Amino acid sequence: MPLIPMDAKPILTIKDMSIVFSSPDEADIEAVRQVDLTLSPGKTLALVGESGCGKSVTARSVLRLLDRNARIQRGSMLFAPGDEPPTDIAKLKADSLPLRAIRGREISMIFQEPMTSLSPVHTIGDQIDEMLILHERLKPKQARERTVALFDQVGIPGARERADSYPFQLSGGLRQRAMIAMALACAPKVLIADEPTTALDVTTQAQILDLLRQLQADFGMAMLFITHDLGVVAEIADEVAVMYLGDVVEQGSVFDVFAAPSHPYTQALMSSIPKMARKADRVRLSPIKGTVPAPRDRPEGCAFTSRCPHAFEPCATVRPERTALGNGHHARCHLLTRQPAEVVA
Ligand SMILES: Nc1ncnc2c1ncn2[C@@H]1O[C@H](COP(=O)(O)OP(=O)(O)O)[C@@H](O)[C@H]1O
Ligand SMILES: [Mg+2]
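Residues numbered from 1 in each chain as written. Chains lettered and ligands numbered in written order. Predicted model: local features only at pLDDT ≥ 70, side-chain atom pairs only at ≥ 80, totals over all residues. Heavy atoms only, no water.

Novice: What is the right way to look at the site of ligand 1 in this model?
Specialist: Taken together, 13 residues sit near ligand 1, with Gly52, Lys55, Ser56, Val57 and Asp67 positioned nearest. Within the backbone of Val57, an N or O atom sits 2.8 Å from an oxygen atom of ligand 1. (Near = heavy atom within 4 Å. Polar contact = N/O pair within 3.5 Å; in protein donor to acceptor, adjacent residues only side chain to side chain.)

Have a look at this one:
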């Protein structure tokens, strides 16, 4: 198991990053606004929020896999795997050599739908062999040995025989394991997992979370884990960033954020976690009222205004600053800075 110093230096530092989509007949849309995220070796940062909040756009930007109409409008993504000066991924040319050297090798990604990464017309073994031959310059026989070892490691039973299966011959859970094996083939330093368990049944979901935790300990990689479920965050992450409509509205250690959720959106997400204690009853969730508006309908001020039970005068018009809550925990909400007189009113 790799030894990770307690104060390991961040490996990826996303700073002040905004992503804008353009369309031929409408104004530009800012889908991600001035996001700051830090990933460290051996640690998991969860990015949580409802569908449409900008989680996948943020994740894909790290590998520069954004749609053609997207651009990184501001900010930097400093990747610092060793002692050399960091590479700013935001500044690399699309499909340039340095970018291709990072993508899939140093930073890799797993998705909700394994068929995003797996080819339907090749056996799973061949697909991973090919990566190892190409990137790690292994001979075909060595590659197959590594592939079988990887399949073992991700818990694919009968790994050697299974390597000859096509993705369609596998269950959803096994396909997910094959995709994880592929993502880990080159021992990446950063793994981005975009809702990797969302499409799975609860039991398989728990197994895949266990597997990712175990693999992280074995490989010592940094992980960016995306989910819409705060319950999953508690299971897997060290730090959490809560995203709403392109903004990180609250961020901190999982412990601090769960102990004292400070943004009304985080509080609303918390109250929608199913309570294990009440599993026997019909679980009563308090779903958050309304839906996430489209980015073009975002209020000028706090993005959550239209759904916030506490919205008051400045919320619709003034974007809240970040308020530090101690120990690196912070949130963007006017409630945190309002004067006592306003509370009375
Ligand atoms: N190619 C695109 N053109 C315009 N808007 C887009 C494009 N891709 C994503 N978006 C918008 O960006 C926002 C964030 O999307 P996404 O990151 O996929 O959300 P999440 O992963 O949190 O569900 C959404 O409002 C989505 O409609
Ligand atoms: Mg998504």
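More follows now that the structure is in view.
Novice: Sorry, what's going on with the nonpolar core here?
Specialist: Soluble globular proteins: nonpolar side chains tend toward being buried together. Ranked by internal contacts, the top residues of the largest apolar core, which has 100 residues, are Ile107, Ile180, Leu212, Tyr244 and Tyr265. If you tally residues by element for this core, the top one is helix H6 (residues 172-184), at 8 residues. The two domains that each donate at least three residues to this core are domain 1 (12-237) and domain 2 (247-336). Sequence-distant contacts of Tyr265, defined by excluding residues within four places in its chain, comprise Gly49, Glu50, Cys53, Val242, Met243, Tyr244, Val249, Ile288 and Phe304. (Core = buried A, V, L, I, M, F, W, Y, C linked by side-chain atoms within 4.5 Å. Buried < 20%, exposed > 50% of the residue type's maximum accessible area, 1.4 Å probe, protein only. Helix = DSSP H or I, 4+ residues; strand = E, 2+ residues; numbered from the N terminus. Domains from an automatic or database assignment. Contact = heavy atoms within 4.5 Å.)

Novice: I tried to follow the packing of helix H3 (residues 124-135) against helix H4 (residues 140-153) on my own but got confused; where do I start?
Specialist: Two quantities define a packed helix pair, namely the angle between the axes and the distance from one axis to the other. Running from N to C, H3 and H4 point in directions that differ by 120°, and their axes come no closer than 8 Å. Between H3 and H4, the angle is such that the two are oblique. Where H3 crosses over H4, the handedness of that crossing is right-handed. For the pair formed by H3 and H4, the contact residues are Ile124, Gly125, Asp126, Ile128, Asp129, Leu132 and Ile133 on the first element and Pro140, Ala143, Arg144, Arg146, Thr147, Leu150 and Phe151 on the second. A per-class count over the contact of H3 with H4 returns 8 nonpolar, 2 polar and 4 charged. (Axes fitted to C-alpha atoms, helices over the stretch in contact; angles between N-to-C directions. Parallel < 35°, antiparallel > 145°, perpendicular 65-115°, else oblique. Left-handed = near helix turned anticlockwise from the far one by under 90°. Nonpolar A, V, L, I, M, F, W, Y, C, P; charged D, E, K, R; others polar.)

Novice: What is the right way to read helix H7 (residues 202-219) from this model?
Specialist: Every α-helix winds through 3.6 residues per turn, so residues three or four apart in the chain are directed the same way. Taking 1.5 Å of rise per residue, 18 residues should cover 26 Å, and H7 covers 26 Å from first to last C-alpha, within 8% of that figure. Every buried residue belonging to H7 is among Thr204, Gln205, Ile208, Leu209, Leu211, Leu212, Leu215 and Gln216, and all of these are buried. Looking down the long axis of H7, one finds its buried residues gathered within 160° of arc, a one-sided arrangement. Turned more than 90 degrees away from the buried face of H7 sit Val202 and Thr203, all of them exposed. You can read the cap of H7 off the contacts: a side-chain oxygen lies 3.1 Å from the backbone nitrogen of Thr203, and it is on Asp201. (Expected span 1.5 Å × (residues − 1). Arc of directions from axis to C-beta.)

Novice: Is there a simple way to explain the domain arrangement of the chain in this structure?
Specialist: Size of an interface, as often reported, equals the accessible area lost when the parts are brought together. One can read the domain layout of the chain as domain 1 (12-237) and domain 2 (247-336). Across the domain 1/domain 2 interface, buried area totals approximately 1700 Å², and carbon plus sulfur atoms make up 54% of it. Contact with domain 2 buries surface across domain 1, with Arg33, Glu50 and Leu230 losing the most and accounting together for 39% of the total. Applying the counting rule to domain 1 against domain 2 returns 4 salt bridges. A salt bridge links Asp36 to Arg322, with the nearest nitrogen and oxygen atoms 3.0 Å apart. Inspection of the domain 1/domain 2 interface yields 8 residue pairs in polar contact (both at pLDDT 80 or more). Put simply, the parts of the chain that give the side of domain 1 that touches domain 2 at least two residues each are strand S2 (26-39) and helix H8 (230-236). Looking at the side of domain 1 that touches domain 2, its residues break down into 9 nonpolar, 5 polar and 5 charged. (Buried area = accessible area lost by both parts, 1.4 Å probe. Salt bridge = Lys/Arg side-chain N within 4 Å of Asp/Glu carboxyl O.)

Novice: Help me understand the pairing of strand S4 (residues 70-79) in this model?
Specialist: Strand residues, when the strand is regular, have side chains that alternate between the two faces of the sheet. In this sheet, S4 lies alongside strand S1 (residues 12-23) in antiparallel orientation, the contact comprising 8 bridges. When the bridges of S4 are listed, Lys15 appears paired with Ser76. Alignment of S4 against strand S5 (residues 87-88), held across 2 bridges, turns out to be antiparallel. The partner of Leu78 across the bridge, within S5, is Asp88. (Pairing = 2+ DSSP bridges.)

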